Amino acid sequence: MTELIPIGTILALLSNQIMKTVQAAKDVVFEKESFKILAKHLLDIEPVLKELESHHLNDSPATRQALESLENDVKKANNLVDKYKNRGRFYLLIKCRQIVNEIQDVTREIGNALAAFSLANIEVRSGISDQVNKIQNEMQRAQLETAQSRVQIVDKLNQGLSDQVFDKEFANDILSEIARAVGVPVEPSEISKEIASFKKEKEEAEDRKERAEVLFLDQVIELLSRADAASDYEEVRRQYFQRLDAVEKYDPREEWIQPFRSFFCCITGNVMVDPVSLCTGTTCERAALEEDWFGRGEETDPETGEILWDFSYRPNIRVRQSIQEWRELNYCVKIRSCKTKLISHVDSLVEEALDRMEELVREDSVNKDWVSIGGLTDLAVAMIGGGVVSEDVENKLLVTLKEIIDGHERNKAIFIENHGIEKIVPCLQLDSSVSKAAIELLYEVLRDRSGWNEGFCNTLSQQNESIAFLVYLVKNPVHETAAKKLAEEILMKLCEVDENVIQAAKVNYFRPLIDKVIQGSVPVRISMVRELLTMELDEEKIELLGEEGLIPPLLEMASANIESKEVSLHALVKLSTFHHNKRIFASLGGTTLILKLMFSSHMLAVVVPKCTEILANLSSNGDGIKYMVDQNGAHLELEPVITGLLSFQHNLNSLDVVRKPALRALLGICRAENGLVKSAVLSASGVSVILALLDDSNQEIRELAINLLFLFSQHEPEGVVEYLMKPRRLEALVGFLENSDKGDVQMAAAGLLANLPKSETLLTEKLIELGGLKAIVEIVRSGTIEAKENALSALFRFTDPTNLESQRITVELGVHPLLTSLLRVDSVTASARAAALLGDLSMRTHELSVVHPKKPRCLCFHFTRKRLSVCAAHGGECSVGATFCLLEAEGALDRLVGLLEKKVDATAYEAIQTLSTLVREDSPQRGAHVLHENGAVGPTIEVLRWGSESLKGEALSLLEKVFTRDMVELYGSTARLPLMQLTGGSFFEDGHLQRKAAKVLLLIERYSRSSSTYSVTGLNNSF
């Protein structure tokens, strides 16, 4: 008697078989969801079987029979998994319905076996019956379905096979759908594998004597083999040349072979595409027969008219093949014609050829191969950028090549072999329509079904100017958005290579570089920033770098290791020269960071100079303390900053690379805030520190020092005078005044002198002796307007009315015409100071003017003598050189009056004071007459209407001197109203201005009453 295997052992083996089946199911590449459901159910069974092993089950025939049934069904499941695990994907798709049904059946069978096992064992019912019942119920009700999209593809394939549709168009279409559904690239190599899988299945079906399966697979293989992706290129070539040999008998000028009559549909009158035959033998177009003929209820033969006894029809394979052969002959004729036209290089003929080539590839995909086999692709590529056709035709050429290359790897290879990429790159910079066509063609060449073609992309990146032209396309506003998008995609792909990132940055395309600085590893970030530093960064590039987000990662690097600090700070030095970047930098807390780094005692020498340069940039161009803020916009405490910057100057270890930018930063900050200048002078002993720098060996440091001293001298001039009076110090200052190449230095030196006490007469004498006065006059003559303003202020030292000798030297240097010319400049400061200086010189003219006493006329003899020129204002002999006479300075009086008419307080004030020097209080008639003759009195009265209080006061003082009896006669009525307005209608006002106005008004009233007959002409007799 045979020994029975224990029930527990059977359960263990069954559990093991289930786990193997589950694992194998995971490896099936198709209908994964269905196999996943099967595996889930099997996994649910496995723990139940494990638990049953621990029970002493009833070893009855029913139990063994149930276990045997369950074991057989699990083996079926395992065999099913093995059957489809390594099959081709195309085959699995075509068999999707069958696969799902088989999985569903085996699942249900296992469920039934599990139910039978449950019934045979009371132990199961009493123990884990609920769990077993749940599993078996789920499995018995299993309802699996394949995806609807796959079912539609299978139905479409089956319908095509049923209708005997074996043309290339349908083959391409169905193959493309199948490939997309199963995730197989439509590449000849991949498609060949799938068709080989079908052939293997066919051979196995033949071995199994499954004739229906063999026939079905044979039809599938025949159909899919007609698709372009499945075609044998050598066979395509052979077929082309076979057709070409057939057309050799036709005239080379022939462009069309007429179709046979049998090719035409009797319903539409057109050459048929899908011919079908009726029972009568009449052939017509399938769509026309179904829709136009039978669709409207016709029951006769469309050609003969006889009544149809059978409405069925079948594909006419022979006619379809004949039509296809005729079409292919015409393809060859057209290709031959296109070749002739392309070679002609005549625009119109070339354009015709290109139109015809587009028609060919759209009409039949085989022509994508045939136009290349026929040499048209080579010819077309050779014409790119050759200048043999117009830009319009060039555009058409590029569009046509894209049609030929689109989705055709072999034609792309031909394009590359003919140096197509090299030829297309220059087209990217042409007219927008040409560049658009060029970028679309280039994009098509570079892409394949799996993504980017790395080799082709590498070829492109090696072309001179390729990246520059792509950037041009992206940035040029005239190009269409679609073209820009393609160009940018290509650029971003090329910029996966660091070298290309750098090339793009050199032509202002910084996005890839910035991305690498943001996202790259530390070495990559450092490398990218180093490359950036080797570039010439003009203002446009600096602005772009800031706008596109380089500053945040640079600040992050500045907080990292020393190498990162060094390169990032170097880059920030460049970026911080642009105004908008300063705002970004400060808002991110950059100012706080660099101040921390700059004043850290442990910071290395490579870091501090860059920090001081950044600080200098932040305060430059008039920005001062605008960006001395934290990331919240709150202003930083700057007194410690000033102290720190000054400390760099007297620290013996500080190098010039630190001291110079520190001085620039200090200068920028102090120029912006007068309070900070005071802090620098008083709290940090700034004057003594900066004075010492005037002896420095570095020219730039000396120049920066003189600029700072100009600011500091406003608060502590005494120490500066003491320093300048030391040997050779004043010569150095005169040297700054003479430095015409540096307007800011001249301005600062002149301003420094202007701030020094004018009571220091020894300083004045020394300056004249050393040529300082001459240098100042030269600045007034040819310096910048800012330097002129300070030089004019410095001149007051030399035009002091108490120092006649200094005045004379100043006049001899030709200041009068210079000052007169400055009365008409746009600078209010310069005009006002020029007017005041003329007034200083004019104050001594009365004293210097020589008055010759009148002598009695001699009646005894007569001799001729030269008549002396008498000054109308001063009554004696006057000249600019001898008496500094204002009237003798050409145009001065007119321009002073012009300042009054401009109605600007500052210049009008100085003009009135200078005009007042012409009117002597003890004998005002001469001066008053001069002012009247030169039109000065009227504008002075007008000042009472618009001027400030101080200006009105000066005008009243002048009018008080001018209003003699004759002047009142001329101007009294004009002046009365503004004077009354100033007094408020009363002569007894308490205010100073009102009192002065009342005083002038009383003069008018007094002289008006004393004589109504007085004539102005009497004035002439009094002189």
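Residues numbered from 1 in each chain as written. Predicted model: local features only at pLDDT ≥ 70, side-chain atom pairs only at ≥ 80, totals over all residues. Heavy atoms only, no water.

1. Notes on the overall build of the protein
Then step 1. A count of helices and strands for the protein gives 57 helices and 5 strands.
Then step 2. Within the protein, the proportion of its 1023 residues that are buried is 51%.
Then step 3. Taking the intrachain contacts of the protein between residues at least 6 apart in sequence as the baseline, contacts between residues at least 24 apart amount to 71%.
Then step 4. When the accessible surface of the protein is split by element, carbon and sulfur atoms take 49% of a total near 48,500 Å². (Helix = DSSP H or I, 4+ residues; strand = E, 2+ residues; numbered from the N terminus. Buried < 20%, exposed > 50% of the residue type's maximum accessible area, 1.4 Å probe, protein only. Contact = heavy atoms within 4.5 Å. Areas by Shrake-Rupley, 256 points an atom, 1.4 Å probe, with all protein chains shown as cover.)

2. Quick notes on the sheet that holds strand S3 (residues 313–315)
Then step 1. Read across the sheet, 3 strands follow the order S2-S1-S3 without closing on themselves; strand pairing throughout is antiparallel. The two strands at the open ends of the sheet, each matched to only one other strand, are strand S2 (283–285) and S3. This sheet shows a mean twist of 40° between the axes of neighbouring strands, independent of strand direction.
Then step 2. Contacts between helix H13 (residues 286–293) and the sheet are confined to strand S1 (275–278), S2 and S3, with S2 contributing the most and set at about 75° to the helix. (Pairing = 2+ DSSP bridges. Axes fitted to C-alpha atoms, helices over the stretch in contact; angles between N-to-C directions.)

3. A short note on the nonpolar core
Then step 1. In this structure, Phe415 and Phe963 are the most contacted members of the largest nonpolar core, which totals 258 residues.
Then step 2. For this core, the element with the highest residue contribution is helix H14 (residues 317–344), accounting for 10 residues.
Then step 3. For Phe415, the residues in contact, after removing those within four places along its chain, are Val381, Ile384, Leu401, Ile405, Gly420, Ile421, Ile424, Leu441 and Val445.
Then step 4. Among the nonpolar cores identified, the runner-up in size contains 30 residues, and Phe166, Val184, Phe198 and Val220 belong to it. (Core = buried A, V, L, I, M, F, W, Y, C linked by side-chain atoms within 4.5 Å.)

4. Structural notes on empty space enclosed by the protein
Then step 1. Within the structure shown, the criterion is met by 1 cavity of 30 Å³ or more.
Then step 2. There is about 50 Å³ of room inside the largest cavity.
Then step 3. For the lining of the largest cavity, the secondary-structure elements that each account for two or more residues are helix H39 (717–724) and helix H40 (729–738).
Then step 4. The dominant element in the lining of the largest cavity, judged by the number of residues it contributes, is H40, at 4 residues.
Then step 5. Looking at the lining of the largest cavity, its residues break down into 8 nonpolar, no polar and 2 charged. (1 Å grid on protein atoms, 1.4 Å probe; cavity = no way out; pocket = protein on both sides within 12 Å on 5 of 7 lines; lining within 4 Å. Points joined across faces, edges and corners; volume = space filled by probe spheres on them. Nonpolar A, V, L, I, M, F, W, Y, C, P; charged D, E, K, R; others polar.)

5. Overview of the pairing of S1
Then step 1. The alternating pattern of S1 places Pro275 and Ser277 on one face and Val276 and Leu278 on the opposite face, and all of these are buried.
Then step 2. The pairing of S1 with S2 spans 3 bridges and is antiparallel. Paired with Pro275 across the bridge in S2 is Glu285.
Then step 3. The hairpin turn running from S1 into S2, its antiparallel successor, is 4 residues long, and Gly281 in that turn takes a positive phi close to 95°.
Then step 4. The sheet contact formed by S1 and S3 spans 3 bridges and is antiparallel. Looking at the pairing, Ser277 lines up with Arg314 of S3.

6. Some details on helix H3 (residues 61–85)
Then step 1. Taking 1.5 Å as the rise per residue, H3 with 25 residues should run 36 Å; its terminal C-alpha atoms sit 36 Å apart, in good agreement.
Then step 2. Every buried residue belonging to H3 is among Thr63, Arg64, Ala66, Leu67, Leu70, Asp73, Val74, Ala77, Asn78, Leu80, Val81 and Tyr84, and all of these are buried. (Expected span 1.5 Å × (residues − 1).)

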